[in-house]
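# Commentary on secondary and tertiary structure
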Amino acid sequence: TLLSVIAGKPIKSFAEGTGMNKIARSMPNTPAQIGKGVTVWCCTDEVGAEERDRIKEVLCCFGKTIFVDDESFIDMSTSISGSGPAYI
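Remember, predicted model here, so these are calculated numbers, not experimental data.

Let us now look at the pairing of strand S3 (residues 37–43). With respect to burial, S3 is a largely interior element, six of its seven residues being buried. Sheet topology places strand S2 (residues 23–27) next to S3; four bridges connect them, and they run antiparallel. Paired with Met 27 across the strands is Val 40, a residue of S3. In the sheet, S3 pairs with strand S4 (residues 63–67) via five bridges, with the strands oriented parallel.

So this is what it looks like as structure tokens:
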């Protein structure tokens, strides 16, 4: 399973570039550096429940996690909260 934290790269680009079909995409925000961030993430249907649990476990190191079914919500959340907390 590939887990991406690269901003702006959709799952489709990883699938085309790697040939993999088990892909998770996430976008931690700046407080993740101190374990107080919020990471919105999604994954392909091929990622099973056990793998999703492991991905969530990794992402919880950054703070809270929010799973979304629709990848477009990652881009929306990034534009709203990606670096915004750095200015507070």
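Moving on: the nonpolar core. With eight residues, the main nonpolar core is built from Ile 11, Phe 14, Ile 23, Met 27, Val 40, Cys 42, Val 68 and Ile 74. If near-sequence neighbours (up to four positions away) are discounted, Met 27 is found in contact with Val 5, Ile 6, Ala 7, Val 38, Thr 39, Val 40, Ile 74 and Thr 78. By size, the runner-up hydrophobic cluster in this structure holds six residues, among which are Ala 24, Cys 43, Val 47 and Leu 59.

This paragraph deals with the packing of aromatic side chains. A complete count under the given rule lists one aromatic pair for this structure. Taken together, a centroid distance of 4.8 Å and an interplanar angle of 70° make the contact between Trp 41 and Phe 67 edge-to-face. Of this pair, Trp 41 sits in strand S3 while Phe 67 sits in strand S4; the two residues are 26 residues apart in sequence, bridging distant segments of the chain. Taking the relative accessible area as the measure of exposure, Trp 41 reaches 3% and is therefore buried.

This part takes up the side chain of Arg 25. Structurally, the position occupied by Arg 25 is in strand S2. A distance of 3.1 Å separates a polar side-chain atom of Arg 25 from the backbone oxygen of Lys 9. Apart from the residues lying within four places of it in its own chain, the contact partners of Arg 25 are Ser 4, Ile 6, Gly 8, Lys 9, Pro 10, Ile 11, Val 40, Trp 41, Cys 42, Glu 71, Ile 74 and Asp 75.

This next bit is on the environment of Val 40. Its location among the elements puts Val 40 in strand S3. Note on Val 40: relative accessible area 8%, which makes it buried. In this structure, the C-alpha to C-alpha distance between Val 40 and Lys 64, residues 24 residues apart in sequence, is 8.7 Å. Those residues in contact with Val 40 that lie beyond four places of it in its chain are Arg 25, Ser 26, Met 27, Ile 66, Val 68, Phe 73, Ile 74 and Ser 77.

Considering the arrangement of structural elements, one finds Thr 39 in strand S3. For Thr 39, the contacting residues outside a window of four places in its chain are Ser 26, Met 27, Pro 28, Leu 59, Phe 62, Lys 64, Thr 65 and Ile 66.

On to the pattern of salt bridges, then. For side chains bearing opposite charge, pairing can occur when the charged atoms are close. This structure, assessed with the given rule, holds four salt bridges. Residues Lys 22 and Glu 51 are paired through a salt bridge, measuring 3.4 Å at the closest nitrogen-oxygen approach. With Lys 22 in the loop between helix H1 (11–18) and S2 and Glu 51 in helix H2 (residues 49–59), this pair connects stretches of sequence that are 29 residues apart. Within the structure, one salt-bridge network assembled from shared partners comprises Arg 25, Glu 71 and Asp 75.

Cut-offs and rules
- Residues numbered from 1 in each chain as written.
- Predicted model: local features only at pLDDT ≥ 70, side-chain atom pairs only at ≥ 80, totals over all residues.
- Heavy atoms only, no water.
- Buried < 20%, exposed > 50% of the residue type's maximum accessible area, 1.4 Å probe, protein only.
- Helix = DSSP H or I, 4+ residues; strand = E, 2+ residues; numbered from the N terminus.
- Pairing = 2+ DSSP bridges.
- Core = buried A, V, L, I, M, F, W, Y, C linked by side-chain atoms within 4.5 Å.
- Contact = heavy atoms within 4.5 Å.
- Phe/Tyr/Trp six-rings, centres within 6.5 Å; stacked < 30°, edge-to-face > 60°.
- Polar contact = N/O pair within 3.5 Å; in protein donor to acceptor, adjacent residues only side chain to side chain.
- Salt bridge = Lys/Arg side-chain N within 4 Å of Asp/Glu carboxyl O.

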